[in-house]
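Listed below are the residues making up each chain.
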Amino acid sequence: MVALWAACLTGVVLGQVQTTVWSGVYTETQAYRGEKVADTTCIGCHGPGLDGGDSGPKLVGEVFLANWSSQPVSELFDWIRQAMPPEAAGTLSKEDAAAVVAYILKQNKMPAGKQPLPSESDELRRIQMTTGKP
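Notes on the structure follow. Keep in mind it's a predicted model, so treat the numbers as computed, not measured.

Description of the side chain of T130
Argument step 1. Mapped onto the elements of the fold, T130 is located in the segment after β2 (127-128).
Argument step 2. In this structure, T130 is in contact with T20, V21, W22, S69 and M110, ignoring residues within four places of it in sequence.

In structure tokens, the structure reads:
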């Protein structure tokens, strides 16, 4: 009975197509809006282009991607939404936080798509951060 259940579960998992950040999960328009939010809210710590600043790490490049790889996008979204900006944590709207995540994805050379990145954690849990194209 256990073997049958495990075989069924494996088939379900193998049959699923995983959505990753390489699947075109944000729009150019959303990333542009995220850039505007970042230019006013994030630049002080993370620098221009999110390339690192005096008090904030780079949000682009191999180190950033390695830190977030294998996690759902919801983790990054929730962290930004709850902890950023440090001087006014929790003040970004869901839409602005999603736009900033879209901008981060764009800055990390992940492709845009036709649908905007969702602004709900439940939906973002289905999108996986990965360092390279699958």
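Structure's up, so let's keep going.
Looking at empty space enclosed by the protein
Argument step 1. According to the stated counting rule, one finds one cavity of 30 Å³ or more in the structure shown.
Argument step 2. Estimates place the volume of the largest cavity at around 60 Å³.
Argument step 3. What lines the largest cavity is simply C42, H46, L59, W79, I80, M84, L92, V100 and I104.
Argument step 4. Looking at the lining of the largest cavity, the elements with two or more residues in it are α5 (73-83) and α6 (94-107).
Argument step 5. Grouping the amino acids of the lining of the largest cavity by side-chain chemistry returns eight nonpolar, one polar and no charged.

Re the pattern of salt bridges
Argument step 1. One pass over the structure, following the stated rule, counts five salt bridges.
Argument step 2. Across the pair D51 and K58 runs a salt bridge, and its minimum N-O distance is 3.4 Å.

Description of the environment of D78
Argument step 1. By the secondary structure assignment, D78 is in helix α5.
Argument step 2. For the pair D78 and A98, spaced 20 residues apart in sequence, the C-alpha separation works out to 9.5 Å.
Argument step 3. Separated by 2.4 Å, the side chains of D78 and S121 make a polar contact.

Comments concerning the packing of aromatic side chains
Argument step 1. Evaluated as defined, the whole model comprises two aromatic pairs.
Argument step 2. Plain terms: the ring middles of F64 and W68 are 6.3 Å apart, the flat faces sit at 45 degrees to each other, and that makes the pair tilted. With F64 and W68 both in helix α4 (residues 62-68) and four residues apart, the pair spans about one turn of that helix.
Argument step 3. Taking relative accessible area as the criterion, W68 reaches 14% and is therefore assigned buried.
Argument step 4. Both rings, one in W68 and one in W79, keep their centres 5.9 Å apart while their planes meet at 50 degrees; by these two values the pair is tilted. Of this pair, W68 sits in helix α4 while W79 is found in helix α5, placing the two residues 11 residues apart along the sequence.
Argument step 5. Exposure remark for W79: the relative accessible area of 33% places this residue in the partly exposed category.

A few points about unusual backbone geometry
Argument step 1. Omega for the peptide link from M84 to P85 comes to -15 degrees, which places this bond in the cis form.
Argument step 2. With respect to the element layout, P85 can be found in the loop between α5 and α6.
Argument step 3. Backbone geometry at L50 places phi at a positive 60 degrees, although glycine is not the residue there.
Argument step 4. Within the secondary structure layout, L50 lies in the loop between α3 (43-46) and α4.
Argument step 5. A relative accessible area of 1% means that L50 is categorised as buried.

Section: the side chain of S121
Argument step 1. Mapped onto the elements, S121 comes out in helix α7 (residues 121-124).
Argument step 2. What makes S121 buried here is its relative accessible area of 17%.
Argument step 3. Those residues in contact with S121, other than ones at most four positions away along the chain, are S74, F77 and D78.

Criteria and cut-off values
- Residues numbered from 1 in each chain as written.
- Predicted model: local features only at pLDDT ≥ 70, side-chain atom pairs only at ≥ 80, totals over all residues.
- Heavy atoms only, no water.
- Helix = DSSP H or I, 4+ residues; strand = E, 2+ residues; numbered from the N terminus.
- Contact = heavy atoms within 4.5 Å.
- 1 Å grid on protein atoms, 1.4 Å probe; cavity = no way out; pocket = protein on both sides within 12 Å on 5 of 7 lines; lining within 4 Å.
- Points joined across faces, edges and corners; volume = space filled by probe spheres on them.
- Nonpolar A, V, L, I, M, F, W, Y, C, P; charged D, E, K, R; others polar.
- Salt bridge = Lys/Arg side-chain N within 4 Å of Asp/Glu carboxyl O.
- Polar contact = N/O pair within 3.5 Å; in protein donor to acceptor, adjacent residues only side chain to side chain.
- Phe/Tyr/Trp six-rings, centres within 6.5 Å; stacked < 30°, edge-to-face > 60°.
- Buried < 20%, exposed > 50% of the residue type's maximum accessible area, 1.4 Å probe, protein only.

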